[in-house]
Amino acid sequence: MITPYAYALTSSEAQELEKRANLYGLNNIKEPIPLEKKIKYNDSIIKKLQAEINKEYIPKILSTLGHCENNNCTSVTSDYRSVQTQKGKVCLPFTQCGFYKCMEEKYQCKKEQVDYFTDLAYPTCSSYTKNVEKKFFTQDGYDWIYSVMVCLQKGLIDECALKGNCKKESNKKTCDYITDFTLKFHPGCYLDSGVGVCKLPLKDKINIWRTVGKYLTTRERQEAYSVVLKCIRSGF
């Protein structure tokens, strides 16, 4: 039963939300459904996102936070990319999940028993990429996944590094703030990246939500319900 939104729903909306939540595996964990026909993805979206990061986003970071001393500011590991600025190391949004390992190294949230990076963000991102490898999504779904990936990562860096809003009086409060901010930021990325989750083919919607469903806490599940509800109300 989805009660938190019941007070704001019409009877038909409540029924449709319950129906979709069950289909998507948001009320009970379900495995993604393989597509009948596997496709070879066009990776132009990845190239486009990476080019934008290199040509526009890195210069934006350095312009805001200051260039490193030797101007060779970007470093690459097997897991993630980062950029060194006058104000310290900044984890670099990119089309890979290691970004969240970089963020955990920087903020050490696991030590504060705040598990967002280690138990939600990285596992969810990794599950998406594994299911992409299994060809569980259409081309539109593929494009959406990588667009959302970069959208979520940029949101964190904009808030924490460029705006400087994440640093609080204790590391625990910093990690709590990051988690709260990110969960509030998630729906916008889901709704607005690529064609938007609402306009994706049904099989993509099913497999997107089934990919993340097993990792969602009660709070995170409510954010997922809110996205599904917006799709219903927008006619999709």
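In case you missed it, the structure is sitting above this.
What counts and what doesn't
Here the residue numbers are simple positions, counted from 1 along each chain's written sequence. Local features in this predicted model are restricted to residues of pLDDT 70 or higher, and side-chain atom pairs are both shown and tallied only at a pLDDT of 80 or more, whereas totals for entire chains, interfaces and linings draw on every residue. Each side-chain value is derived from all of the structure's non-hydrogen atoms; neither hydrogens nor water enter the calculation. We define a nonpolar core as any set of buried Ala, Val, Leu, Ile, Met, Phe, Trp, Tyr and Cys residues linked to one another through side-chain atoms lying within 4.5 Å. To sort residues, take the accessible area from a 1.4 Å probe on protein chains only and compare it with the maximum for the residue type: under 20% means buried, over 50% means exposed, and anything in between is partly exposed. Working definition: helices are DSSP H or I runs of at least four residues, strands are E runs of at least two. Numbering for both runs from the N terminus. Residue contacts are defined here by distance: any two heavy atoms, one from each residue, within 4.5 Å place the two residues in contact. The salt bridge criterion pairs a side-chain nitrogen of Lys or Arg with a carboxyl oxygen of Asp or Glu, the two atoms within 4 Å. The angle between two axes is taken between their N-to-C directions and runs from 0 to 180 degrees, where each axis is a line fitted to C-alpha atoms and a helix contributes only its stretch in contact. Working definition: roughly parallel below 35 degrees, roughly antiparallel above 145 degrees, roughly perpendicular at 65 to 115 degrees, and oblique for all remaining angles. For a crossing to be left-handed, the near helix must be turned anticlockwise from the far one by less than a right angle; the clockwise case is right-handed. Three classes are used, and their members are as follows: Ala, Val, Leu, Ile, Met, Phe, Trp, Tyr, Cys and Pro are nonpolar, Asp, Glu, Lys and Arg are charged, and the others, Gly among them, are polar. Take the residue count of a helix, subtract one, and multiply by 1.5 Å to get its expected span. Polar contact is the term for a pair of N or O atoms within 3.5 Å; when the atoms are in protein, one must be able to donate a hydrogen and the other to accept it, and sequence-neighboring residues count only if both atoms are side-chain atoms. At least two DSSP bridges between two strands are required for those strands to pair.

Caption draft 1: Here's a closer look at the nonpolar core. Counting 74 residues, the largest nonpolar core has Tyr-190, Val-197 and Trp-209 as its most contacted members. The element best represented in this core is helix H5 (residues 139-162), accounting for 12 residues. The contacts of Val-197, once residues within four sequence positions are left out, are Trp-144, Tyr-190, Leu-191, Lys-205, Ile-208, Trp-209, Val-227 and Cys-231.

Caption draft 2: Broad picture of the pattern of salt bridges. According to the stated counting rule, one finds 14 salt bridges in the structure shown. For Lys-172, the salt bridge goes to Asp-176, with nearest N and O atoms at 2.7 Å. Here Lys-172 pairs with Asp-176, and both are found in helix H6 (residues 171-192), just four residues apart, close to one helical turn. Take Lys-172: its relative accessible area is 34%, and that puts it in the partly exposed class. Note on Asp-176: relative accessible area 32%, which makes it partly exposed. Where Arg-219 meets Asp-180, a salt bridge forms, and the shortest distance between an N and an O atom there is 3.2 Å. Within this pair, whereas Arg-219 is found in helix H8 (residues 218-233), its partner Asp-180 is found in helix H6, the two being separated by 39 residues in sequence. A single salt-bridge network, built from bridges that share partners, covers Asp-180, Lys-184, Arg-219 and Glu-223.

Caption draft 3: Main features of the packing of helix H3 (residues 99-107) against helix H4 (residues 116-133). Taken N-terminus to C-terminus, the directions of H3 and H4 make an angle of 165°; their axes are 9 Å apart at the nearest point. It follows that H3 is roughly antiparallel to H4 by the angle criterion. Along this stretch, H3 crosses H4, giving a crossing that reads as right-handed. Every residue of H4 that contacts H3 at Tyr-100, Lys-101, Met-103, Glu-104 and Tyr-107 is listed here: Phe-117, Thr-118, Ala-121, Tyr-122 and Cys-125. In terms of residue class, the contact of H3 with H4 is made up of seven nonpolar, one polar and two charged.

Caption draft 4: Representation of the side chain of Thr-179 in the model. Secondary-structure assignment places Thr-179 in helix H6. Residue Thr-179 is classed as buried on the basis of its relative accessible area, which comes to 17%. Sequence-distant contacts of Thr-179, that is, excluding residues within four places in its chain, are made with Val-114 and Tyr-116.

Caption draft 5: Fine view of H5. Spanning 24 residues, H5 covers 33 Å between terminal C-alpha atoms, matching the ideal 34 Å at 1.5 Å per step. Across the 24 residues that make up H5, a large majority, 18, are buried. Two or three places before Asp-140, at the opening of H5, Thr-138 has a side-chain oxygen 3.3 Å from that residue's backbone nitrogen. Residue Gly-164 follows H5 closely and has a positive phi angle near 70°.

Caption draft 6: The arrangement of the sheet that holds strand S3 (residues 88-91) in detail. Taken in spatial order, the three strands make up an open sheet running S1-S2-S3, and their pairing is antiparallel. Each having just a single partner strand, strand S1 (74-76) and S3 make up the two edges of the open sheet. Geometrically, the sheet is characterised by an average inter-axis angle of 30° between neighbouring strands, direction not taken into account. Bridge count between S1 and strand S2 (residues 81-85): three bridges; the pairing is antiparallel. What sits directly across from Ser-75, in S2, is Ser-82.

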